[in-house]
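# Survey of secondary and tertiary structure
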Amino acid sequence: MSDELKTRTGRRQARKSNEKNQKPSRKALFKKIALITGAFMAVAGIVGAIVLFSIIKDAPPLDPERLMFAQSAQVFDQNDENFSQLEAAENRIRISIHDIPQLMEDAVLSVEDVRFHQHFGIDIRRLFGAVAANLTGGFGAEGASTITQQVIKNAFLSPEKTISRKIQEQYLAIKLEQQYTKEQILEMYLNGIYFGKGAYGVQQASITYFNKENLEDLTVADAALLAGLPQRPSHFNPLNNPEGAERRRNIVIGLMERHGKITAAEAEEARSIAVVDQLNPAERDSYPFEAFLDQVLSEVEDIEGITPSDLYTAGLKIYTTLDQDAQSHVEAVLQTDEFITTYPENEDFQAGITLIDTKTGQIKAIGGGRQKQEVKRGFNYATDIKKQPGSTIKPILDYGPVIEDKKWSTGQIIVDEPHTYNDINNTPVRNFTRTHRGPVTMREALKDSLNVPAIKALQEVGTERAQEFAEGIGIPFDQPMTEAYGIGGFTTGISTLDLAGAYSAFGNDGIYFKPHTVRKIEFPDGRVIHTKPDPHVAMNDYTAYMITDMLKSAVREGTGGVANIPGLPMAGKTGTTNFATEDIERFNVPDGAVPDVWFAGYTTNYTAAVWTGYDRKGEGNYLLGSSDRQLAQQIFKAVISKVSEDKETEDFVRPNSVVSVKIEKKTGLLPSPFTPSSEIVEELFVRGYEPKQVSEKFNQVTAPQNLTAGYKEDSDQIIMSWSYPENQREGVSFRVQQSIGDEDFHTLDITKDMQFIINAPYPGTTYRFRVIAVSDENENLESDPAQVSVSTPEEEIEIPDPIEEDLPPVDETPPPPTDDEDLPIDIIPEPDDEEEPAPEGNRGRGNGNRGGTGASPDDDTDEEPTD
């Protein structure tokens, strides 16, 4: 054997020897891993058992009284005063399981717990499905609670979604199943569950929605509708949301059919019935402040960790924002004729109002309709309506966004002219009057509710940005908006609650708080859920203030004048909708009639939105004439006047981001010194965006007017006077010029006065005068001259008659020579005093005195000049 072969053979033998030696080592390693794993699992099991024991140990006992009697919620107002208790005894009629028909039981079990009679309190199959869903969607993504577990949770545990609570719930469910029969547990559930509208338990729910005291009278459709409500009673309430309720009902019908509780034919028949045809709601006494409490319950149901049943079972304390005095007054305004005497007699007429705190978004009162307090119709005309808002939407969709993004001023010039929407049909935009006013400021356009300027403003920013702005202050949209939304042409509409919330942001420096009725909720164990919404900076303060200032004009001078409250700083806007052409023909609607009228307004303390109109279309269901069309403003005024009594209401404070500038209202430019005051307005601008250009429209000096001149003989003066527009006097002086004979005009003086006097003019002379207005800032800018002439009378010279005296006869004989004969005959003696010549200035050469005081030093007259 070669050495190389020996070497390879030796290596193979060595490897085999090493592999034999390694096998025991691997087995030992696996054994160690198994031991460690087992030990770890044992420790984990022990720890888990300890934790599980600890959780179970803290579970509350099964108190039979709590299983039979619910702990209803107490409700408190803004001052923490208890004003209502949602008493289960008042809204629930307990019923034995033996009086509950099989149909009702089948409907509930089909949707809530189909294997109720097979499981021992926990549905293992459903549990594993929920675990899988929670692993992918997060804990709490899907529940696996059986009816037994729901009874336990409602009676003994908090609604929070935690592992420990779930373990306690499952443990107590098993114990409950051991101590009570299935029939007893189902009876607890059907008497304890909440069905909405204050209906607690299946018996009360049957009466509330169908006016059926005997459950045997329930149809398949009725049972399915009731069984579907507990999941979300407020949302699926058939009185408010029949479409949603019908979808939910049909799901339950499908489950009943799938599980063999009804036949296919029965299912089809039940689905064919419209929910609105099922309903026959019973009238009942209302709990206090029903409209407000309805909103409270709706909000509580939407709070994470609280179920509808908790309102009547968990012993909650609900602290609300209610102002009881305001709520009582709102109900009196709507439901009596004490404050408004012009309500239509038509019983279909309705009105709704939401009153909120401008600074916090807290809802202080809700007027749910014109129905009397003792009658409950199940519909809230303040929060449930979805109506087109008319022109109340213009600050939200048109002018607010264009100020926010484009920095438009309140004096922005918009031409009101024939105009179209940006659609494929070039649909015309029409003003209510079907006329156009030419160039108007944005303030005028909003004040007088012109449609064309509003749509032009919307088109400037675009519908996408406008919708984003509106959504930021709580306006809901069910689809992308079109330009018609800009003047209120919504597809679905909004409520007074939506509109009041949006307007409050304008009155709160652009800060939006979602309107809410609940401040906090306290559980029996001391836990508290605070529900105050976070503030949202919805717009810049300049946008909020400029919209507010324009809406103040709308109330003082525009369409909202009826709502104005003297002495109260407030802003607001009207809104009116129109009938569709087919409705006008179908219901014989007269000219000028409208279906809905709105008003929304605010002070620094309160914001309110009011809707008035009809809840259904029909003959005579329209608002006609000023009396009907002013009702929304009258309701607003009656409410805001009352809540503002004895409460200081500050005016809106202009932020540093806004400046006030005088402009020409037809050009939007700075006025010239000669712009008439009637053409000058003071408008607001975003700081840094003020106008720089001076208008040329009026940039010329007006000539003096009514120039007169006359000679006063007694004072020997020529007195001139003229007039000038008072609003243009500041910034101008007057150049007075004179000409005598054929000489050129020369300036006598430049004066601020409108009178000039020439002292001691030349007699028999014709004077020509002219007066020119001159700009103080630019001496080259002057008016056309005003001219006048005046002649002075000729001077009369008196020649005295000769004096005849008795004189001696003339001696013609030359006198004898004297001693002076030798004097030269050309030497004439000088006089003692030389006479001063009269000064030239006193002869009409421009040495005039101003102000009518006279020119001669010897003349003290102060007579007024004459023509």
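Residues numbered from 1 in each chain as written. Predicted model: local features only at pLDDT ≥ 70, side-chain atom pairs only at ≥ 80, totals over all residues. Heavy atoms only, no water.

### A few points about the overall build of the chain
The criterion, for reference: Strands are runs of DSSP state E lasting at least two residues, helices are runs of H or I lasting at least four, and both sets are numbered from the N terminus onward. Burial classes: relative accessible area under 20% of the type maximum marks a residue as buried, over 50% as exposed, and values in between as partly exposed (1.4 Å probe, protein chains only). Note on contacts: a residue pair qualifies if any of its non-hydrogen atoms lie within 4.5 Å across the two residues. Accessibility throughout is a Shrake-Rupley quantity obtained with a 1.4 Å probe, and a residue counts as covered only by protein chains that appear here.
The number of helices and strands found in the chain is 25 helices and 25 strands. Relative to its 867 residues, the chain shows a buried fraction of 50%. Taking all contacts inside the chain whose residues are at least 6 apart in sequence as the whole, residues at least 24 apart take part in 70%. Looking at the chain as shown, the accessible area adds up to about 43,700 Å², and 48% of this sits on carbon and sulfur atoms.

### Considering the sheet that holds strand S21 (residues 732-740)
Heads up, the rule is: Any two strands between which DSSP finds at least two bridges are classified as paired. Here the axes come from fitting lines to C-alpha atoms, over the contacting stretch only for helices, and the angles between their N-to-C directions go from 0 to 180 degrees.
In space, the four strands of this open sheet follow the order S22-S21-S24-S25, with antiparallel pairing throughout. The open sheet has two edge strands with one neighbour each: strand S22 (746-751) and strand S25 (786-791). In this sheet, neighbouring strand axes are inclined to one another by 25 degrees on average, regardless of whether the strands run parallel or antiparallel. Summarising the sheet, S21 and S22 pair through five bridges and their orientation is antiparallel. Bridging from a neighbouring strand, Gln 738 pairs with His 746 of S22.

### Quick word on unusual backbone geometry
The backbone phi angle of Asn 211 is positive, close to 55 degrees, even though this residue is not glycine. As for its placement among the helices and strands, Asn 211 is situated in the loop between helix H9 (202-210) and helix H10 (220-228). Backbone geometry at Ser 449 places phi at a positive 55 degrees, although glycine is not the residue there. Residue Ser 449 is classed as buried on the basis of its relative accessible area, which comes to 15%.

### Points about the nonpolar core
Generally speaking, a soluble globular protein has its nonpolar side chains buried in company with each other. Worth spelling out the cut-off: Residues enter a nonpolar core if they are buried and are Ala, Val, Leu, Ile, Met, Phe, Trp, Tyr or Cys, with the set joined through side-chain atoms within 4.5 Å.
The biggest cluster of nonpolar side chains holds 86 residues, and the ones touching the most others in it are Ile 396, Leu 397, Tyr 399 and Ile 473. Aside from chain neighbours lying at most four places away, what touches Ile 396 is Pro 401, Phe 469, Ala 470, Ile 473, Ile 475, Leu 499, Ala 502, Tyr 503 and Phe 506. Membership of the second largest hydrophobic core comes to 53 residues, among which are Leu 186, Val 220, Ala 245 and Leu 255.

### Quick word on helix H17 (residues 394-406)
Selection criterion: Each residue is assigned a bend, namely the angle between axes fitted to the seven residues that terminate at it and the seven residues that start at it.
Where H17 bends most, at Gly 400, the angle is about 35 degrees, and the proline Pro 401 comes one to four residues later. Within H17, eleven of the 13 residues are buried, which leaves it mostly tucked inside the rest of the structure. Within the span of H17, buried status applies to Lys 394, Pro 395, Ile 396, Leu 397, Asp 398, Tyr 399, Gly 400, Pro 401, Val 402, Ile 403 and Glu 404. The inward-facing, buried residues of H17 contact strand S6 (413-416), helix H18 (442-447), helix H19 (451-461), helix H20 (463-471), helix H21 (496-507) and helix H22 (541-556). Of the residues trailing H17, Lys 407 is marked for its positive phi of about 60 degrees.

### Regarding the packing of aromatic side chains
Stated formally: Whether two aromatic rings pair depends on their centres lying within 6.5 Å, for rings of Phe, Tyr and Trp, where Trp uses its six-membered ring; planes under 30 degrees apart make the pair stacked, over 60 edge-to-face, and the rest tilted. Both a distance and an angle decide whether a charge sits over a ring: NZ of Lys or CZ of Arg must be within 6 Å of the ring centre and within 35 degrees of the ring normal.
Counted by the stated rule, this structure contains 16 aromatic pairs. For the pair Phe 477 and Phe 490, a centre-to-centre distance of 5.8 Å together with 25 degrees between the ring planes defines the contact as stacked. Within this pair, whereas Phe 477 is found in the loop between H20 and H21, its partner Phe 490 is found in the loop between H20 and H21, the two being separated by 13 residues in sequence. Phe 490 shares its class with Phe 477; the two are buried. Members of the aromatic cluster, joined through ring pairs, are Tyr 503, Phe 506, Tyr 602 and Phe 652. Cation over ring: Arg 770 sits above Phe 745, and NZ or CZ is 4.4 Å from the ring centre.

### As for the pattern of salt bridges
Here is the rule: Here, a salt bridge means any side-chain nitrogen of Lys or Arg that lies within 4 Å of a carboxyl oxygen of Asp or Glu.
Taken as a whole and assessed by the stated rule, the structure comprises 22 salt bridges. With its nearest N and O atoms 2.9 Å apart, the salt bridge here joins Lys 617 to Asp 583. A residue pair is termed long-range when its members are at least 10 positions apart, and Lys 617 in the loop between strand S16 (606-614) and helix H24 (625-629) and Asp 583 in helix H23 (residues 581-586) qualify at 34 residues. A salt bridge links Lys 642 to Glu 645; its shortest N-O distance comes to 3.7 Å. Through salt bridges that share partners, Glu 257, Glu 268 and Arg 271 make up one connected network.

### Things to note about the side chain of Asp 123
Note the following rule: Contacts described as polar in this section are N or O atom pairs within 3.5 Å, which, within protein, must combine one atom able to donate a hydrogen with one able to accept it, while residues neighboring in sequence count only if both atoms come from side chains.
Within the secondary structure, Asp 123 is located in the loop between helix H4 (102-112) and helix H5 (124-137). Taking the relative accessible area as the measure of exposure, Asp 123 reaches 5% and is therefore buried. A distance of 3.0 Å separates the side chain of Asp 123 from the side chain of Arg 115, its partner in a polar contact. Within the structure, the side chain of Asp 123 is placed 3.4 Å from the backbone nitrogen of Arg 125, a separation counted as a polar contact. Apart from the residues within four sequence positions on either side, Asp 123 is in contact with Asp 113, Arg 115 and Thr 146.

### Concerning the packing of H4 against helix H8 (residues 182-192)
How we decide: Angles below 35 degrees are treated as roughly parallel, those above 145 as roughly antiparallel, those between 65 and 115 as roughly perpendicular, and all remaining angles as oblique.
Interaxial distance between H4 and H8 falls to 12 Å at its minimum, and their mutual angle equals 90 degrees. Regarding the angle of H4 to H8, the classification is roughly perpendicular. Residues Glu 105, Val 108, Leu 109 and Glu 112 of H4 pack against Leu 186, Tyr 189 and Leu 190 of H8.

### Brief notes about the packing of H17 against H22
Two quantities define a packed helix pair, namely the angle between the axes and the distance from one axis to the other. We count it as follows: By definition, any crossing whose near helix is turned counterclockwise from its far helix by less than a right angle is left-handed, and any crossing with a clockwise turn is right-handed. By the convention adopted, Pro, Cys, Tyr, Trp, Phe, Met, Ile, Leu, Val and Ala count as nonpolar, Lys, Arg, Asp and Glu as charged, and the other residues, Gly among them, as polar.
Across the interface, H17 lies against H22 with an axial gap of 9 Å and an inter-helix angle of 130 degrees. The angle between H17 and H22 places the two elements in the oblique class. Crossing of H17 against H22: the hand is right-handed. Taken together, the residues of H22 that come into contact with H17 (itself represented by Pro 395, Tyr 399, Gly 400, Ile 403 and Glu 404) are Tyr 542, Thr 543, Met 546, Ile 547, Met 550 and Leu 551. When grouped by side-chain class, the residues that make up the contact of H17 with H22 number eight nonpolar, two polar and one charged.

### A word on the confidence of the model for the chain
Note the following rule: In predicted models, pLDDT denotes the confidence assigned by the predictor to each residue on a 0 to 100 scale.
Per-residue confidence for the chain averages 83 on the pLDDT scale, and 79% of its residues sit at or above 70. Of the regions scoring below 50 in pLDDT, residues 133-143 engages in 15 contacts with residues more than four places distant in sequence or in other chains. Segment residues 373-377: pLDDT under 50, and 19 contacts once partners within four positions in sequence are set aside and those in other chains are kept.

### Observations concerning the sheet that holds strand S14 (residues 571-576)
Each strand in a sheet pairs with another by means of backbone hydrogen bonds, the pair being arranged parallel or else antiparallel. Pairing within the open sheet is antiparallel, and its five strands lie in the order S5-S4-S16-S15-S14. Each edge of the open sheet carries a strand with a single partner, namely strand S5 (363-367) and S14. Sheet twist, expressed as the mean angle between neighbouring strand axes with direction ignored, is 5 degrees. In terms of strand pairing, strand S4 (residues 349-357) meets S5 through four bridges, oriented antiparallel. Paired with Ile 353 across the bridge in S5 is Gly 367.

### Observations regarding the pairing of strand S19 (residues 705-712)
Bridge count between S19 and strand S20 (residues 717-723): six bridges; the pairing is antiparallel. By the bridge assignment for S20, Tyr 711 is matched with Ile 718. In this antiparallel pair of consecutive strands, S19 and S20, the connection spans four residues, and Asp 716 shows a positive phi of 55 degrees.

### Some thoughts on the environment of Gly 501
Along the polypeptide, Gly 501 turns up in helix H21. The buried category is assigned to Gly 501, whose relative accessible area is 1%. Spatially, the C-alpha atoms of Gly 501 and Ile 356 are 7.6 Å apart, while their sequence positions differ by 145 residues. If we skip the residues at most four places from it in the chain, Gly 501 touches Ile 356, Ile 473, Tyr 512 and Pro 515.

### Some points on the environment of Pro 476
Topologically, Pro 476 is positioned in the loop between H20 and H21. In sequence terms Pro 476 and Leu 499 are 23 residues apart; their C-alpha atoms lie 9.9 Å from each other. Every residue in contact with Pro 476, bar those within four places of it in the chain, is listed here: Lys 386, Phe 490, Ile 494 and Asp 498.

### Examining the side chain of Gln 717
Along the chain, Gln 717 falls in strand S20. Gln 717 sits in the buried class, given a relative accessible area of 2%. Here Asn 759 takes part through its side chain, which lies 2.8 Å from a polar atom of the side chain of Gln 717.

### Some words on the environment of Pro 524
Looking at the element boundaries, Pro 524 is found in the loop between strand S11 (518-522) and strand S12 (528-530). Looking at Pro 524, the relative accessible area reads 58%, which means it is exposed. The spacing of Pro 524 and Leu 316 is 208 residues in sequence and 6.6 Å in space, taken between C-alpha atoms. Leaving out residues up to four positions away in the same chain, Pro 524 has contacts with Ala 314 and Gly 315.

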